[in-house]
Amino acid sequence: MSQQQAEVAVVVLGAGKGTRMQSDLPKVLQPLKGQPLISHLLKAVDGINPDKCVVVIGPDMDNVKACVAPRLTAIQHQQSGTGDAVKAVRAMLEDFHGDVLVVYGDTPLITTATLQRLLAERHSAAQPAVVVLGFRPDDPLQYGRLQEGADGQLEAIVEFVDCNEQLKASNLCNSGVMAFDGQYLFELLDAITDDNSKGEYYLTDVVAIAKSKGLNCAFVEGDPQEVLGINTKAELAEVENLLA
């Protein structure tokens with residue numbers, strides 16, 4: 001199936017409460033250039049003309065539901081990690097076998113072109129089941145790292161705390177944005193465990209799980225500026241300045 005023929009669904013993670021914003025407004029509704037954060041992201045998503053778009057929200061987020069209408073919404077009842085958040089869309093996508101993009105409602109600078117590159121890589125010769133958007137920031141800080149195999153394929157996403165010195169020295173970081181072959185999505189999600197220091201289900205575990213099942217995984221590199229996530233008022237101001 002060529003990229004043009006494959007159906008595309010987009011899952012937007014938008015359940016964050018935004019407590020670090022010191023605001024009653026959910027994080028994705030924080031205003032940026034006169035529009036909610038999530039509206040900027042959805043503009044990029046609309047550019048790929050997806051067949052389905054589901055926004056994952058928290059309970060009591062009717063204001064987010066209203067903001068993203070008429071798009072579908074799914075509720076993540078307990079915030080148990082990104083893997084758990086994507087599982088919230090199961091009822092809407094369980095029988096969907098096209099491409100599934102997972103994006104974040106608090107990354108307003110991502111572009112349609114970058115999302116298209118992820119989809120194109122999904123249909124490359126290796127037919128990867130998972131494609132991850134990586135980036136190389138000037139200061140890699142404590143981002144998770146992408147572990148590349150000798151064959152150039154993606155082997156794993158390793159959280160910073162679990163990186164060895166060699167991997168910490170790499171600046172190839174994980175943005176969290178991913179494209180999946182929909183036929184494997186829930187099989188991979190169901191294999192994630194919460195056996196980690198936070199007791200959460202990390203979406204990042206899907207790469208190692210896919211590799212253990214004999215599936216290929218890949219990555220594309222994006223502009224570090226595009227994947228800036230907003231968690232604080234200071235980060236919001238930084239992005240406002242970038243758009244000035």
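Look up: the structure comes first, before these words.
Residues numbered from 1 in each chain as written. Predicted model: local features only at pLDDT ≥ 70, side-chain atom pairs only at ≥ 80, totals over all residues. Heavy atoms only, no water.

Trainee: Can you tell me about the overall build of the protein chain, naming the residues and giving the values?
Mentor: Helix and strand counts for the protein chain come out as nine helices and eleven strands. Computed over the C-alpha atoms, the radius of gyration of the protein chain is 17 Å, within 12% of the 18 Å expected from 2.2 N^0.38 for a compact globule of 244 residues. Overall, the C-alpha framework of the protein chain stretches about 45 × 40 × 35 Å when taken along its three principal axes. Here the protein chain, with 244 residues, has 51% of them falling under the buried criterion. If you take every contact in the protein chain between residues at least 6 apart in sequence, the share linking residues at least 24 apart comes to 71%. For the protein chain, the accessible surface area stands at approximately 11,400 Å², while carbon and sulfur atoms represent 45% of it. Put simply, the protein chain has 19 plus and 33 minus side-chain charges, and the middle of one group is 3 Å from the middle of the other. (Helix = DSSP H or I, 4+ residues; strand = E, 2+ residues; numbered from the N terminus. Rg over C-alpha atoms; globule rule 2.2 N^0.38 Å. Buried < 20%, exposed > 50% of the residue type's maximum accessible area, 1.4 Å probe, protein only. Contact = heavy atoms within 4.5 Å. Areas by Shrake-Rupley, 256 points an atom, 1.4 Å probe, with all protein chains shown as cover. Lys, Arg positive; Asp, Glu negative; His and termini not counted. Charge placed at Lys NZ, Arg CZ, Asp CG, Glu CD.)

Trainee: An account of the pattern of salt bridges is needed here, citing residue identities and associated values.
Mentor: Counted according to the given criterion, the structure contains twelve salt bridges. In this structure, K33 and E240 form a salt bridge, with 3.9 Å as the shortest nitrogen-oxygen distance. Of this pair, K33 sits in the loop between β2 (31-32) and β3 (35-36) while E240 sits in helix α9 (residues 233-242), placing them 207 residues apart in sequence. A residue is classified by how much of its surface remains accessible, and K33, at 42% relative accessible area, is partly exposed. Judged by relative accessible area, which is 24%, E240 ranks as partly exposed. A salt bridge links E94 to R90; the shortest N-O distance between them is 3.4 Å. The exposure class assigned to E94 is partly exposed, which follows from its relative accessible area of 42%. Three or more residues joined by partner-sharing salt bridges are found here, namely K87, R90, E94 and D190. (Salt bridge = Lys/Arg side-chain N within 4 Å of Asp/Glu carboxyl O.)

Trainee: Give a description of the side chain of D181 that names residues and reports values.
Mentor: As for its position among the elements, D181 is in strand β10 (residues 173-181). Judged by its relative accessible area of 8%, D181 is buried. Apart from residues lying up to four places away in sequence, D181 is in contact with H97, G98, R122 and A129.

Trainee: Describe in detail the packing of aromatic side chains, supporting the description with residues and values.
Mentor: One pair of aromatic rings is described through two measures. These are the centre distance and the angle between the planes. Counted according to the given criterion, the structure contains one aromatic pair. Pairing F135 with Y143 gives two aromatic rings, centres 5.0 Å apart and planes at 85°, and the pair type is edge-to-face. On the basis of relative accessible area, F135 is assigned to the buried category, the value being 3%. You can call Y143 partly exposed: its relative accessible area is 32%. Seen from the ring of Y201, K87 lies directly overhead, with NZ or CZ sitting 5.5 Å from the centre. Lying across the ring of F160, K168 places its NZ or CZ 5.1 Å from the centre. (Phe/Tyr/Trp six-rings, centres within 6.5 Å; stacked < 30°, edge-to-face > 60°. Lys NZ or Arg CZ within 6 Å of the ring centre and 35° of its normal.)

Trainee: Mind laying out the state of the cysteines, listing which residues take part and the relevant values?
Mentor: Applying the stated criterion across every chain, the model contains zero disulfides. Free cysteine: C163, not disulfide-bonded; nearest cysteine sulfur from C173 at 8.7 Å. (Disulfide = S-S within 2.5 Å.)

Trainee: Could you give an account of unusual backbone geometry, naming the residues involved and the relevant values?
Mentor: That bond from A69 to P70 is cis: its omega, 10°, falls within 30 degrees of zero. Assignment of secondary structure puts P70 in the loop between α2 (62-68) and β5 (72-75). In this structure, D60 is a non-glycine residue whose phi angle is positive, near 60°. Mapping D60 onto the fold places it in the loop between β4 (52-57) and α2. The class for D60 is exposed, based on a relative accessible area of 77%. In this structure, Q127 is a non-glycine residue whose phi angle is positive, near 45°. Mapped onto the secondary structure, Q127 falls in the loop between α5 (112-122) and β7 (130-135). With relative accessibility at 44%, the residue Q127 sits in the partly exposed group.

Trainee: Explain the pairing of β7 to me, and be specific about the residues and the numbers.
Mentor: Across the six residues that make up β7, a large majority, six, are buried. Side chains V130, V132 and G134 of β7 all project onto a buried face; the interleaved residues V131, L133 and F135 project onto the opposite face, where all are buried too. As defined by bridge partners, β7 adjoins β10 across five bridges and the pair is classed as antiparallel. Opposite F135, over in β10, you have C173 as the bridge partner. (Pairing = 2+ DSSP bridges.)

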